[in-house]
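# Architecture at a glance
Here are the chains, one letter per residue:
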Amino acid sequence: DPRDSDTIFVAAQGPLWSGGGDRGLYKSTDGGKSWTNMGLKDSGHISQIWINPENSDEVLVASQGPLWSDGGDRGLYRTMDGGDTWERILNIDEHTGINEFVVDPRNPDVIVASSYQRRRHVWVLINGGPGSGIHKSTDRGKTWTEITAGLPSDHMGRVGLAGAPSDPDMIYAIIEANDEEKGVYRSTDFGSNWEKRSSYMTTSPQYYNEIVVDPKNDQRLYSLNTFTMKSEDGGVTFAPLSNEWRHV
């Protein structure tokens, strides 16, 4: 919690490959000495937690949902009472959860979220589908619009999102899609329109596909991969961060 360092939310979940051991969300108010389960026990995998820096009782949670079954606590959830009760504010379908989201730092009514359709069976992983996409709300999650301008036209898989702290209008996305449309995309109007920057993709999007923007330089990106990759030109090119290591 940005307002109280003793308050911490933690998502408890099993490993991605097996997807077992769902336990939901835990909260500590004493700096981690003790914990209370706050529900969402059938969330499967929680990708992101956001606590409103102006209101500690408001928390958003992105849940991908159970890996081995449909339904469950799948979607984007909000609490206005510190986690005692939850409301699902974005629900796509029983096979699709929410991977990540960005809240406008100037106006918490504006949210951009990425949905992720996936389901594992013993014989196959269904990783992507028509449920995956990028969605925007301007009324604090009451209504949503699926964004298509500049984005892949075919089915998408996992979509990672990151806002640029130095430019509140800028959002980056790393999008799993077909070979022609996969890659890094950027929006300069907080998610309403997008342009493709490159075809760069992580080695295993279902595991990685998370991107980080330098807090002071909106052109510097980090891609969390088997080996971390770095871009200095807004996602047009990437090079291994390990190239910068030096022996002392």
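A brief look at the structure comes next. (Residues numbered from 1 in each chain as written. Predicted model: local features only at pLDDT ≥ 70, side-chain atom pairs only at ≥ 80, totals over all residues. Heavy atoms only, no water.)

This brings us to the pairing of strand S9 (residues 111–120). Each regular strand displays side chains that alternate between the two surfaces of the sheet. Counting buried positions along S9 yields 10 of 10 residues, so the element is predominantly enclosed. As paired elements, strand S8 (residues 96–103) and S9 share seven bridges and run antiparallel to each other. If you follow Gly 97 over to S9, its bridge partner there is Tyr 116. Bridging between S9 and strand S11 (residues 133–137) involves five bridges; their strand directions are antiparallel. (Buried < 20%, exposed > 50% of the residue type's maximum accessible area, 1.4 Å probe, protein only. Helix = DSSP H or I, 4+ residues; strand = E, 2+ residues; numbered from the N terminus. Pairing = 2+ DSSP bridges.)

Moving on, we come to unusual backbone geometry. Phi at Leu 40 is positive, roughly 55 degrees, even though this residue is not glycine. When you line up the elements, Leu 40 lands in the loop between strand S3 (36–37) and strand S4 (46–51). Phi is positive for Asn 209, close to 40 degrees, though the residue is something other than glycine. As for its placement among the helices and strands, Asn 209 is situated in the loop between strand S16 (195–198) and strand S17 (210–213). In this structure Asn 209 comes out as buried when scored by relative accessible area, which is 0%.

Grouped together as the largest cluster of nonpolar side chains are 16 residues, with contacts concentrated most on Ile 134, Leu 161, Ala 173, Ile 175 and Trp 194. Sorting the residues of this core by element identifies strand S13 (159–164) and strand S14 (167–175) as the ones contributing at least two each. At three residues, the largest contribution of residues to this core is made by S14. If we skip the residues at most four places from it in the chain, Ile 134 touches Val 112, Ala 113, Ser 114, Thr 145, Glu 146, Ile 147, Leu 151, Val 159, Leu 161, Ala 173, Ile 175 and Trp 194. Listed in part, the 13 residues of the second largest apolar core include Ala 162, Tyr 200, Met 201 and Ile 211. (Core = buried A, V, L, I, M, F, W, Y, C linked by side-chain atoms within 4.5 Å. Contact = heavy atoms within 4.5 Å.)

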